[in-house]
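Read off the chains here:
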Amino acid sequence: MPFAAEPLADSYSGMAGPEVLAAARTAAGLLSGTVYERYHGIDYAAVRDLADARDRHGFALLCAERAGRPEQPLVSDPAVIAQAHVLTTSNLATLVVHAGLAPRGGRGGPARGAFAAATGPAATAKSTTCAWRQLLFHLALCDADEQASVLTWIDARAARLPARAAARIARPLADLRLAAAVR
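**Q** Before we move on, can you summarise the overall build of the chain with the specific residues and values?
**A** Each helix and strand counted, the chain has 10 helices and zero strands in total. Listed N to C, the secondary structure of the chain is α-α-α-α-α-α-α-α-α-α in terms of helices and strands. Within the span of the chain, comprising 183 residues, buried residues form 43% of the whole. Long-range contacts, defined here as pairs at least 24 residues apart, represent 66% of the contacts in the chain between residues at least 6 apart. Within the structure as shown, the chain displays about 9100 Å² of accessible surface, and the carbon and sulfur contribution to it stands at 57%.

**Q** Mind laying out helix H5 (residues 78-88), listing which residues take part and the relevant values?
**A** Along H5, the positions that sit buried rather than exposed are Val80, Gln83, Ala84, His85, Val86, Leu87 and Thr88. Taken together, the buried residues of H5 touch helix H1 (18-31), helix H2 (35-40), helix H3 (44-52), helix H4 (56-66), helix H6 (92-99) and helix H8 (125-140). Thr89 sits one or two positions beyond H5 and adopts a positive phi of about 60°.

**Q** I'd like a description of unusual backbone geometry, backed by residues and values.
**A** Positive phi outside glycine occurs at Thr89, with the angle close to 60°. Looking at the element boundaries, Thr89 is found in the loop between H5 and H6.

**Q** Describe the packing of aromatic side chains, naming the residues involved and giving the relevant values.
**A** Enumeration over the complete set of coordinates arrives at two aromatic pairs. Ring plane angle 50° and centroid distance 6.0 Å describe the contact between Phe115 and Trp132, whose orientation is recorded as tilted. On the criterion of sequence distance, the pair formed by Phe115 in helix H7 (residues 108-119) and Trp132 in helix H8 is long-range, its members being 17 residues apart. Their ring planes at 80° and their centres at 6.0 Å tell us that Phe115 and Trp153 sit as a pair that is edge-to-face. With Phe115 in helix H7 and Trp153 in helix H9 (residues 144-159), this pair connects stretches of sequence that are 38 residues apart. Using a relative accessible area of 0% as the deciding quantity, one classes Phe115 as buried.

**Q** Would you mind going over the layout of surface pockets in detail, with residue names and values included?
**A** For the largest pocket, the calculated volume is near 390 Å³. As for the largest pocket, its lining consists of 20 residues, and the residues nearest its centre are Tyr39, His40, Trp132, Pro172 and Asp175. Looking at the lining of the largest pocket, the elements that each hand over two or more residues are H2, H5, H8 and helix H10 (163-181). Residues of the lining of the largest pocket, tallied by class, amount to 10 nonpolar, four polar and six charged.

**Q** How would you sum up the environment of Glu19? Please name residues and give values.
**A** Locating Glu19 in the fold gives a position in helix H1. Expressed as a C-alpha distance, the spacing of Glu19 and Ala51, which sit 32 residues apart in the sequence, is 9.8 Å.

Calculation criteria
- Residues numbered from 1 in each chain as written.
- Predicted model: local features only at pLDDT ≥ 70, side-chain atom pairs only at ≥ 80, totals over all residues.
- Heavy atoms only, no water.
- Helix = DSSP H or I, 4+ residues; strand = E, 2+ residues; numbered from the N terminus.
- Buried < 20%, exposed > 50% of the residue type's maximum accessible area, 1.4 Å probe, protein only.
- Contact = heavy atoms within 4.5 Å.
- Areas by Shrake-Rupley, 256 points an atom, 1.4 Å probe, with all protein chains shown as cover.
- Phe/Tyr/Trp six-rings, centres within 6.5 Å; stacked < 30°, edge-to-face > 60°.
- 1 Å grid on protein atoms, 1.4 Å probe; cavity = no way out; pocket = protein on both sides within 12 Å on 5 of 7 lines; lining within 4 Å.
- Points joined across faces, edges and corners; volume = space filled by probe spheres on them.
- Nonpolar A, V, L, I, M, F, W, Y, C, P; charged D, E, K, R; others polar.

Now the structure itself:
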């Protein structure tokens, strides 16, 4: 199973490990054309090409470019590492494809749970980022009806958030609506 373990890159070369490329390839196969790909602005065809070519250096450069730090190695910059997590889904795609992980009752429940975690009173910037990525992942695997239901639930829940929490997620929520509207 292509599980991308930490650290995501070799500490000497700064290049992604082969398992990271495999996890990125798995994510590309599962999420191409989905709300996850659109929201994050991912070109999964390019990711697939890098993975198929086993281009570890190219993948590290892609992560750095996506983070706005084109010369930073994957191993040392948190923003660059975060992009590797986005492209590999932090192994969620690997668990679905290779281990057959599927939540009981569909993906809507985990998407709702991720939104609740991202907007809850204990949410930190880091936990919100992780929960939002999980929300997008599960939403991407919902069928059209379930996706619409989750988005309606999110809108209703967002309308009841305290002003500070609502302001914190206003931009990501607008981006989510835009990514979900495109099919």
